[in-house]
Amino acid sequence: MTARQTLKAVLAAGSLCLIALVLSTVAVSANGPFCAERGALVERLGSKYQEKRHGLGITSADQGALEFFASDEGSWTIIVTTTAGKTCILATGHSWHATPASLMGPPA
């Protein structure tokens, strides 16, 4: 296996792990995920953690938007906003490292 194929396999496995993490952390506690008004939540991510939005995707059936925030220091947060306007934190973490697109190869 070439270095490029190994990198692609590692990135694919990492993507699957991230998806599994998001799905497994929807119920962050017995009370469910933390929810707040979107503007206030995004402001807090920026002011307290210096996190900026790095990605956005529309959920299946257009039921809402999933957003990924990360800081230069490595903290990260995934939030979802429903079409009803409810915004909740799905997952948070540390040690985020962006992968340059040039290392990811062509889309599958």
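Next up on the list: the overall build of the protein. When you go through the protein residue by residue, the secondary structure sums to 3 helices and 5 strands. Within the protein, buried positions represent 23% of all 108 residues. Considering only residue pairs separated by 6 or more positions, the protein has 34% of its internal contacts joining residues 24 or more positions apart. Split by element, the accessible area of the protein, about 7400 Å² in all, is 63% carbon and sulfur.

This part takes up the environment of tyrosine 49. Residue placement: tyrosine 49 occurs in helix 2 (residues 38-49). C-alpha separation for the pair tyrosine 49 and alanine 70, spaced 21 residues apart in sequence, amounts to 8.5 Å. Sequence-distant contacts of tyrosine 49, that is, excluding residues within four places in its chain, are made with Arg44, Ser71, Glu73 and Ser75.

Now for the confidence of the model for the protein. Confidence in the prediction of the protein, expressed as mean pLDDT, is 78, and 69% of residues score 70 or more. Of all the helices and strands in the protein, helix 1 (residues 3-24) carries the lowest mean pLDDT, 44, while helix 2 carries the highest, 96. Low pLDDT, under 50, characterises residues 5-29; the stretch is placed with 19 contacts to residues that sit more than four places away or in other chains.

What follows covers the nonpolar core. When a protein is soluble and globular, its nonpolar side chains tend to lie buried together. Phe68, Ala70, Trp76, Ile78, Val80, Cys88, Leu90 and Ala91 together form the largest nonpolar core, which totals 8 residues. The set of elements that each furnish at least two residues to this core consists of strand 3 (64-70), strand 4 (76-82) and strand 5 (87-93). With 5 residues, the next largest nonpolar core counts Leu41, Leu45, Phe69 and Ile89 among its residues.

Cut-offs used in this document
Residues numbered from 1 in each chain as written. Predicted model: local features only at pLDDT ≥ 70, side-chain atom pairs only at ≥ 80, totals over all residues. Heavy atoms only, no water. Helix = DSSP H or I, 4+ residues; strand = E, 2+ residues; numbered from the N terminus. Buried < 20%, exposed > 50% of the residue type's maximum accessible area, 1.4 Å probe, protein only. Contact = heavy atoms within 4.5 Å. Areas by Shrake-Rupley, 256 points an atom, 1.4 Å probe, with all protein chains shown as cover. pLDDT = per-residue confidence, 0-100. Core = buried A, V, L, I, M, F, W, Y, C linked by side-chain atoms within 4.5 Å.

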